[in-house]
Amino acid sequence: MPYFKIPPSEPAEGWIAALWNEQIGHDPALHDHSSHVGLIAGVVAGAMGLPEADVIRIQIAGQFHDIGKLNVPHAVLYAPRRLTAQELTLVREHSVMGERRIRQISADTPLLGFVADVALHHHERYDGSGYPNGLVGDAVSLPSRIVAACDVYSALWERRPYKPALPHAEVMRRLLEGDDRMTPAMFDPAVIAAIRASQPELRRLLPE
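Help me understand the overall build of the chain, please; the structure alone is not making it clear to me.
In terms of regular secondary structure, the chain is built from eleven helices and zero strands. Taking 17 Å as the expected radius of gyration for a compact globule of 208 residues, we find that the chain reaches 16 Å, a close match to that expectation. For the chain, the C-alpha atoms occupy an extent of roughly 45 × 40 × 35 Å along the three principal directions. Burial analysis of the chain (208 residues in total) assigns 49% to the buried set. Relative to all contacts within the chain whose residues are 6 or more apart in sequence, the contacts with residues 24 or more apart total 67%.

Spelled out as structure tokens, the structure:
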């Protein structure tokens, strides 16, 4: 299964380098998470049989899906505790702030619009329970549906200040069965099936 690495030193468009440098310079931890999401999303998009060009676009979108979190204070973003209602509202605004940040950095191009759409909608949920617009099912673009599930996969697999890293088997179980924070209905079944089919490749690329 192909994995297309984003070349930060030779970007296809100048705004990619600008966002890459801003992300890694201001928040290396966010950059690492986003790189994981981009990697997973690229593998999953390939498993779904999407054209190579779309796989690369989806990986780039995964790399910058959380760029709006650069507007959120670190003390809130990495708080080792449950967030207050006000802090949670601030964090949830990152999708809108990310879309705005991407569109302001350069003149609009097809790729930039593609990435901005994912930044805005990667917290939408297939059952309509997401944000910022509460979109349902196919009203969310397929790239956003892919990145949404891969973002959760990566977050569960990674160690965070408030949780340990989970093994791939446990991450997959939670996506398939749900837990106290999510249900399988939140994600596109076709995307979850592709993540499940991609387990050997994900285990190779993201060792436990």
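So that's the structure; there's more coming.
Whenever I open this one, the side chain of His33 confuses me. Can you help?
Along the chain, the position of His33 falls in helix H2 (residues 28-47). Beyond its immediate stretch of four places on either side in the chain, His33 contacts His65, Asp66, Asp151, Ser154, Ala155, Glu158 and Arg160.

For this particular structure, what's the right way to read the nonpolar core?
Within soluble globular proteins, side chains that are nonpolar tend to cluster in buried spots. Ranked by size, the top nonpolar core spans 46 residues in total, and within it Leu175 and Ile195 carry the most contacts. For this core, the secondary structure elements donating two or more residues are helix H1 (14-26), H2, helix H3 (52-63), helix H7 (110-121), helix H8 (142-157), helix H9 (168-177) and helix H10 (189-197). Take this core: its biggest share by element is eight residues, from H8. Contact partners of Ile195, with chain neighbours within four places excluded, come to Val44, Ala149, Cys150, Tyr153, Met172, Leu175 and Leu202.

Basis of the calculations
- Residues numbered from 1 in each chain as written.
- Predicted model: local features only at pLDDT ≥ 70, side-chain atom pairs only at ≥ 80, totals over all residues.
- Heavy atoms only, no water.
- Helix = DSSP H or I, 4+ residues; strand = E, 2+ residues; numbered from the N terminus.
- Rg over C-alpha atoms; globule rule 2.2 N^0.38 Å.
- Buried < 20%, exposed > 50% of the residue type's maximum accessible area, 1.4 Å probe, protein only.
- Contact = heavy atoms within 4.5 Å.
- Core = buried A, V, L, I, M, F, W, Y, C linked by side-chain atoms within 4.5 Å.

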